[in-house]
Amino acid sequence: MRTRSLILSLATALLLVACGSAPPGRAPSVSVLTSGQSSDIAIHAMGLVGTPYRWGGNTPDSGFDCSGLIGYVYRHRAGVTPPRTVAQLAGFGEPVDAGELRTGDLVIFGDDPAWHAGIYVGEGRFVHAPSTGGTVRLDRLDNRYWARQPVRYRRL
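Residues numbered from 1 in each chain as written. Predicted model: local features only at pLDDT ≥ 70, side-chain atom pairs only at ≥ 80, totals over all residues. Heavy atoms only, no water.

1. Notes on the environment of Ile43
With respect to the helices and strands, the residue Ile43 is situated in helix α2 (residues 35–47). For the pair formed by Ile43 and Val73, sequence separation is 30 residues and the distance between their alpha carbons is 9.6 Å. (Helix = DSSP H or I, 4+ residues; strand = E, 2+ residues; numbered from the N terminus.)

As structure tokens, this is what we get:
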């Protein structure tokens, strides 16, 4: 009887642990990135400034679009594969208030649908791949153009 009770208790504990984990493909409710990984993400993104823009691009050799840049940096610096489209990135991770931004957070522009994204690198700046014919660049959130756009922030 004692063995049966022990097995039942163990099975219950395992079930509770399984129910407490995040479903596959969904970010947990707390940040999974260390502050070191967040810094690495920002530094790596800044190192890609000047890489040509290419719609659908997701490597330094082929060029980047905005979501391709984010995917490349997150995969290489944190081992995380974010969603491929900006619309999907808008729901990736957890929302962050502007006053709580840290390096490595995502900057998502547009209400619904979201239409552009970048990586926050600190001091009010973000790295992004803005448009055809351009290159990956560093911009300020308080820049005249970007400050007028609806923006939200996400953290993994």
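Picking up where we left off.
2. A short note on α2
The end-to-end C-alpha separation of α2 is 18 Å, in line with the 18 Å expected for 13 residues at 1.5 Å each. Those residues of α2 that fall on the buried side of the exposure criterion are Ser38, Ile41, Ala42, His44 and Ala45. Each buried residue of α2 sits inside an arc of 165 degrees when the element is viewed along its axis, so together they form one side. Exposed positions of α2 whose direction lies more than 90 degrees from the buried face are Ser35, Ile43 and Gly47. On the buried face of α2, the contacting elements are α3 (66–78), β5 (116–122) and β6 (125–128). (Expected span 1.5 Å × (residues − 1). Buried < 20%, exposed > 50% of the residue type's maximum accessible area, 1.4 Å probe, protein only. Arc of directions from axis to C-beta. Contact = heavy atoms within 4.5 Å.)

3. Regarding the packing of α2 against α3
Put simply, α2 and α3 touch, their axes get as near as 9 Å, and they point 135 degrees apart. Between α2 and α3, the interaxial angle falls into the category oblique. In this structure, the crossing between α2 and α3 has a hand that is right-handed. Side by side, α2 and α3 meet where Gln37, Asp40, Ile41, His44 and Ala45 of the first sit next to Tyr72, Val73, Tyr74, Arg77 and Ala78 of the second. Each residue belonging to the contact of α2 with α3 can be placed in one class, and the counts come to 6 nonpolar, 2 polar and 2 charged. (Axes fitted to C-alpha atoms, helices over the stretch in contact; angles between N-to-C directions. Parallel < 35°, antiparallel > 145°, perpendicular 65-115°, else oblique. Left-handed = near helix turned anticlockwise from the far one by under 90°. Nonpolar A, V, L, I, M, F, W, Y, C, P; charged D, E, K, R; others polar.)

4. Observations regarding the pairing of β5
Regular strands place side chains that alternate from one sheet face to the opposite one. Burial of β5 is extensive: 7 of the 7 residues sit out of reach of the surface. Bridge count between strand β4 (residues 106–109) and β5: 4 bridges; the pairing is antiparallel. Residue Val107 lies in a different strand from β5, and its bridge partner there is Gly118. Hairpin connection of β4 to β5: 6 residues between the antiparallel strands, including Gly110 at a positive phi of 105 degrees. (Pairing = 2+ DSSP bridges.)

5. Some details on the confidence of the model for the protein chain
Averaged over every residue, the pLDDT of the protein chain is 85; the share at 70 or more is 80%. Scored below 50 in pLDDT, residues 2–30 makes 6 contacts in the model with residues more than four places away or belonging to other chains. (pLDDT = per-residue confidence, 0-100.)

6. Concerning the packing of aromatic side chains
Tallied over the full model, the rule gives 8 aromatic pairs. With a centroid separation of 6.4 Å and an interplanar angle of 70 degrees, the aromatic rings of Tyr74 and Phe92 are classed as edge-to-face. Highlighted residues: Tyr74 in helix α3 and Phe92 in the loop between α4 (86–89) and β3 (94–96), separated in sequence by 18 residues. Considered together, Tyr74 and Phe92 belong to a single accessibility category, that of buried residues. Within the aromatic cluster, the residues linked to one another by ring pairs are Phe109, Trp115, Phe126, Tyr145 and Trp146. (Phe/Tyr/Trp six-rings, centres within 6.5 Å; stacked < 30°, edge-to-face > 60°.)

7. What about the nonpolar core?
If you look at the biggest cluster of nonpolar residues, it comprises 29 residues, and the most contacted ones within it are Val73, Tyr74 and Leu106. Contributing elements (two or more residues each) for this core: α2, α3, α4, β4 and β5. When residues in this core are grouped by element, the largest group, 7 residues, is from α3. With residues up to four places along the chain from it excluded, the contact list for Tyr74 reads Leu33, Ile41, Gly79, Val80, Pro82, Phe92, Gly104, Asp105, Leu106 and Leu156. (Core = buried A, V, L, I, M, F, W, Y, C linked by side-chain atoms within 4.5 Å.)

8. Quick word on the sheet that holds β4
Strand order across the open sheet formed by 6 strands is β3-β8-β4-β5-β6-β7, with antiparallel pairing between neighbours. Both edges of this open sheet fall to β3 and β7 (137–140), since each of them pairs with a single strand only. Adjacent strand axes in the sheet meet at a mean angle of 40 degrees when their direction is disregarded. Inspection of the sheet shows β4 paired to strand β8 (residues 151–155) by 4 bridges, in the antiparallel sense.

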